[in-house]
Structures are given as structure tokens and as C-alpha cells.
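# Fold and contact review
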Amino acid sequence: PGVCDASRPSACISTHTKKTKKQKPTHAPPHATMAMTTARAAKVANVDFTGARSRRTLRANTTQVSARRSARAAMTTTSEYKVAVLGAGGGIGQPLSMLLKMNPLISDLRLFDLRGTLGVAADLSHTNTTCQVRGFEGDEQLADALKGCDLVIIPAGVPRKPGMTRDDLFAINAGIVKNLAEACAKNCPKALINIISNPVNSTVPIATEVFKKAGCYDPKKIFGVTTLDIVRANTFVAEAKSLDINDVDVPVIGGHAGITILPLLSQTYPKVDFSPAELEALTVRIQNAGTEVVEAKAGAGSATLSMAYAAARMAEACLRGLSGEPDVYECSFVASNVTELPFFSTKVRLGPNGAEEVMPIGDITAYEAEWLAKLKEELKGSIAKGVDFANQ
């Protein structure tokens, strides 16, 4: 136990009193070669939010290769990515920004919001990681926050409150996402865009229409962040079946609201059996987990900390893909031909161009097929609502 410096994985401030062998310094000398710097960045990149063991589990469940083979995959990571968080002063934005500041793949972190980000940036700038952080406030600084970015993460908007559905958020958040997407299309048209702002089932189509109008749409670069559904599914299944969380992977498909969230428990890795009662209870809990948090906070907020963690995991996966690391997978709500719907969430293989491959649903049970039929109708309406808003 102790506090670790994320930029120096071997340097931990230990609370143990036992003497240990003196470690050699990890800092490279000023004249270090680029090869040494790259190798160090690759080593540091093992300090991540998913965890190397969890990543091997996800890869094994997706590619059907052995964990050992996946572990040997070459890493070509660099710590030179520029990332912007739009809505960095909010309940999700602040903890997300802290997690991103700890990510060794990021060299330049830009925090934007209408107000408050100068203080957040100043606070984070005191943390001893190699990432530079800057704050940008007000619409007049939005362009500067975005120029040259490799990845833009959008948690901006209002959170859910007790009694509210994601559709209740549409009137406010739809306009916010549209304006921010327009700024992204103008200032960083080639960046990957991770959209957190709810309702994701509608805000992703909105952003897509904006990029189409701007003439710079690339379906491989716009992602709806559904990672929290996967994080929850993995956690709930691990708890229910007394499994090591690092060994669990549960694909979650569909969308990111209520019944459009469909955990494919039949595809759980490692293979486990569920009774009909367990299937129903877990499926419904995963679908309604956001409401569970909203009600537990009793009006004080929504799922901010778990969402920040999930968004940091998705961001890291995108950056690993950009770096050329092979076999990087996450579920995401993207442009898709997997179903008759124009957008759908399944596993996506991430690479240097973004969503290199959208994976099929795979074999599902009759129980899951029933949920799939129901969610398609709901999802179809949410997508159409976003498209109509963007084109009005």
C-alpha cells in the first residue's frame, strides 16, 4: 500500500517499514535516445484503468486467442496525444479529468467548460504526472481548446435527477452536443469523438449529422460511450457468481438507456450458467443501474464517479488503438451495419483510424432475442429523434 507516482511506476511511497533493496532511478538522462523514450512510455502504459489482466480477458473473449498470445502483442504506445474534455467542470468532467491526467498516453490535456475550468486545471497541474493540463473557459476559448486534438470527450450537459428519464434531458443536452459537435467539426475534424452526454442514443446521431453537414464525417471516429454498462455488467456478474472481476467480460449491446441496454449474459467469459431468475434479475439491474444511483443519491446527482471511470477506460482504449496496439476492443454505440438500424452498440476493434471493425452480435439465446426485438423499436425512435433535431 502507498501512493504511486503514475509517471514513475517503480516509485511508490510505501507505508511499509520493512527495508527493501534500493531501486535504480527510472528517469532517462537528458541525452536518452528516442528508442529509450518510446520503450519507457510503453512500460508506463501498463499502468491503466482496465488492467493488463482484464484486457487479456476481453481480448480472449473477443478474438478467441489465448491470453498468453495476447499478452505478447507488441505495444507501440507513445505519450504524445492531445485530449480535450468538454464539460470538464461538471460532476463527470472533474473526476474524468483527474483520471486522464494520470494516463501516460496523454501529453496535453485541455479542460473546457463555460466556467470553473481554470481552477480545475490549476488543481490538477499540481499532480506529479508528465501530462500538461490547461483550462479554457467560455465559448470564445472553445476553438483553442480543440485545435490539434486527437481525442475529444464530451460529458457536457445536465445530469439526470430523480424521476427524470434520459429523454427528459433531450431538450437541453441535444442543443449542447450540437453546438460542441459543430466546434469539433470546424477545429479538429479528424479527432476521435467520445460522446457521454445523454441521451447517447440521440446525441450520437446529432453529432453525426453535424459532421455530415460540415463535409468531414467519418463513421469510424464518432463513439457513444456505453462503457459504463459493460463495467456494471462485469461487476454485477462477478459479484453474483463469486468470480475474480479481472477474469470477467460481459458484452453489452444495443443502446445506452433502459431497455435498449442488453447484456449478453450467454456470452459471459468465463462461461457460467444462470438460472432464469438470475438472468432476469441481472438483465433488469444492468438496464436500470443508472436509476439505482440517481435514487441512492436522493437528488444530489447521478452516476458521476463510475461514469468518469468508464469514460477513462474508453478513452484509454481509443488511444491504445491510435497508437497501433493490436486487439483493442470495447463496446460502443457507433454507425453500424450489424442490424437494420443505422447505429448500434456492439464490440468494436479500435485502431489507428478509430473503429476499424464493428463486430457482429454473435450467437444469442431465445431470451436475449426477445429483448433484442423490444430494444430495436425503442432505439429506432431515439435515433430518429436525434436526426430530426439536427436537421430542423
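Residues numbered from 1 in each chain as written. Predicted model: local features only at pLDDT ≥ 70, side-chain atom pairs only at ≥ 80, totals over all residues. Heavy atoms only, no water.

## Here we look at the overall build of the chain
The secondary structure content of the chain amounts to 13 helices and 13 strands. Taking contacts inside the chain between residues at least 6 apart in sequence as the whole, the part at least 24 apart equals 71%. Per element, the accessible surface of the chain, about 17700 Å² overall, is 55% carbon and sulfur. (Helix = DSSP H or I, 4+ residues; strand = E, 2+ residues; numbered from the N terminus. Contact = heavy atoms within 4.5 Å. Areas by Shrake-Rupley, 256 points an atom, 1.4 Å probe, with all protein chains shown as cover.)

## What to know about helix H4 (residues 93–101)
Counted residue by residue, H4 has seven buried out of nine residues, so it is predominantly covered. Those residues of H4 not exposed but buried are Gly 93, Pro 95, Leu 96, Ser 97, Leu 99, Leu 100 and Lys 101. Structurally, H4 contributes buried residues whose contacts are with strand S3 (81–86), strand S4 (106–113), helix H5 (117–124), strand S5 (132–137), strand S6 (151–154) and helix H12 (305–322). (Buried < 20%, exposed > 50% of the residue type's maximum accessible area, 1.4 Å probe, protein only.)

## Some thoughts on the pairing of S4
Most of S4 sits out of view: seven of its eight residues are buried. Here S4 runs beside S5; their pairing, made up of six bridges, is parallel. In the sheet register, Asp 113 faces S5, and the bridge partner there is Glu 137. In this view, the connection linking S4 to its parallel neighbour S5 by way of H5 has right-handed handedness. (Pairing = 2+ DSSP bridges. Right-handed = clockwise from strand over helix to strand, strands pointing away.)

## Thoughts on the pairing of strand S7 (residues 192–195)
Alternating positions in S7 separate into two faces, Leu 192 and Asn 194 on one and Ile 193 and Ile 195 on the other, with burial throughout. Sheet topology note: the S6/S7 ladder contains four bridges and is parallel. Residue pairing for S7: Leu 151 is matched across the bridge by Leu 192. Looking at chain direction, S7 and strand S8 (residues 222–224) are connected through three bridges and run parallel. Directly across from Asn 194, in S8, lies its bridge partner Phe 223. Handedness of the crossover joining S7 and S8 through helix H8 (residues 200–214) is recorded here as right-handed.

## What about helix H13 (residues 366–391)?
With 26 residues, H13 extends 38 Å from end C-alpha to end C-alpha; this agrees with the ideal 38 Å at 1.5 Å per step. Buried within H13 are the following residues: Glu 368, Trp 371, Leu 372, Leu 375, Lys 376, Leu 379, Ser 382, Ile 383, Gly 386, Phe 389 and Ala 390. (Expected span 1.5 Å × (residues − 1).)

## Here's the deal with the pattern of salt bridges
Taken as a whole and judged by the stated rule, the model has eleven salt bridges. Measuring nitrogen to oxygen at the nearest pair gives 3.5 Å for the salt bridge that ties Lys 212 to Glu 209. Residue Lys 212 and its partner Glu 209 are located together in helix H8, separated by three residues, close to a single helical turn. Put simply, Asp 249 and Lys 347 hold a salt bridge, and the shortest N to O gap is 2.7 Å. Pair noted here: Asp 249 is in the loop between helix H9 (227–241) and strand S9 (252–254) and Lys 347 is in strand S12 (residues 343–351), with a separation of 98 residues, a long-range link. For Lys 347, a relative accessible area of 10% puts it in the buried group. Connected through salt bridges with shared partners, the residues Asp 108, Arg 110 and Arg 134 form a single ionic network. (Salt bridge = Lys/Arg side-chain N within 4 Å of Asp/Glu carboxyl O.)

## Description of the packing of aromatic side chains
The full count for this structure, using the stated rule, is three aromatic pairs. Geometrically, the ring pair formed by Phe 170 and Phe 389 is edge-to-face, given 5.5 Å between the ring centres and 80° between the ring planes. Taken together, the residues span a long stretch of sequence, with Phe 170 in helix H7 (residues 170–187) and Phe 389 in helix H13 at a distance of 219 residues. Grouping residues by exposure puts Phe 170 and Phe 389 together as buried. The ring of Phe 236 has Arg 285 lying over it, and the distance from NZ or CZ to the ring centre is 3.7 Å. For Lys 374, the ring lying beneath its charged end belongs to Trp 371, and the centroid distance is 3.9 Å. (Phe/Tyr/Trp six-rings, centres within 6.5 Å; stacked < 30°, edge-to-face > 60°. Lys NZ or Arg CZ within 6 Å of the ring centre and 35° of its normal.)

## Concerning the side chain of Ser 332
In this structure, Ser 332 sits in strand S11 (residues 328–335). Side-chain polar atoms of Ser 332 contact the backbone oxygen of Gly 224, separated by 2.9 Å. Apart from the residues lying within four places of it in its own chain, the contact partners of Ser 332 are Phe 223, Gly 224, Thr 226, Met 314, Phe 344, Ser 345, Thr 346 and Val 348. (Polar contact = N/O pair within 3.5 Å; in protein donor to acceptor, adjacent residues only side chain to side chain.)

## A look at unusual backbone geometry
A cis amide bond links Asn 198 to the next residue, Pro 199, at an omega of 0°. With respect to the helices and strands, the residue Pro 199 is situated in the loop between S7 and H8. Note that the residue after Tyr 269, namely Pro 270, is joined by a cis bond; omega there is 0°. By the element assignment, Pro 270 lies in the loop between strand S10 (261–263) and helix H10 (276–287). The backbone of Asp 327 shows a phi angle near 55°, a positive value even though the residue is not glycine. As for its position among the elements, Asp 327 is in the loop between H12 and S11.

## Side note on the state of the cysteines
A full pass over the atoms with the stated rule returns zero disulfides. A disulfide-free cysteine, Cys 184 has its sulfur positioned 4.5 Å from the sulfur of Cys 188, the nearest such atom. On the basis of relative accessible area, Cys 184 is assigned to the buried category, the value being 0%. (Disulfide = S-S within 2.5 Å.)

## Regarding the confidence of the model for the chain
Per-residue pLDDT for the chain averages 86, and the proportion of residues at 70 or more is 82%. Below pLDDT 50 for its whole length, residues 1–47 participates in 47 contacts with residues either more than four positions away or in separate chains. Between residues 65–77, whose pLDDT stays under 50, and residues either more than four places distant or in other chains, the model counts 24 contacts. (pLDDT = per-residue confidence, 0-100.)

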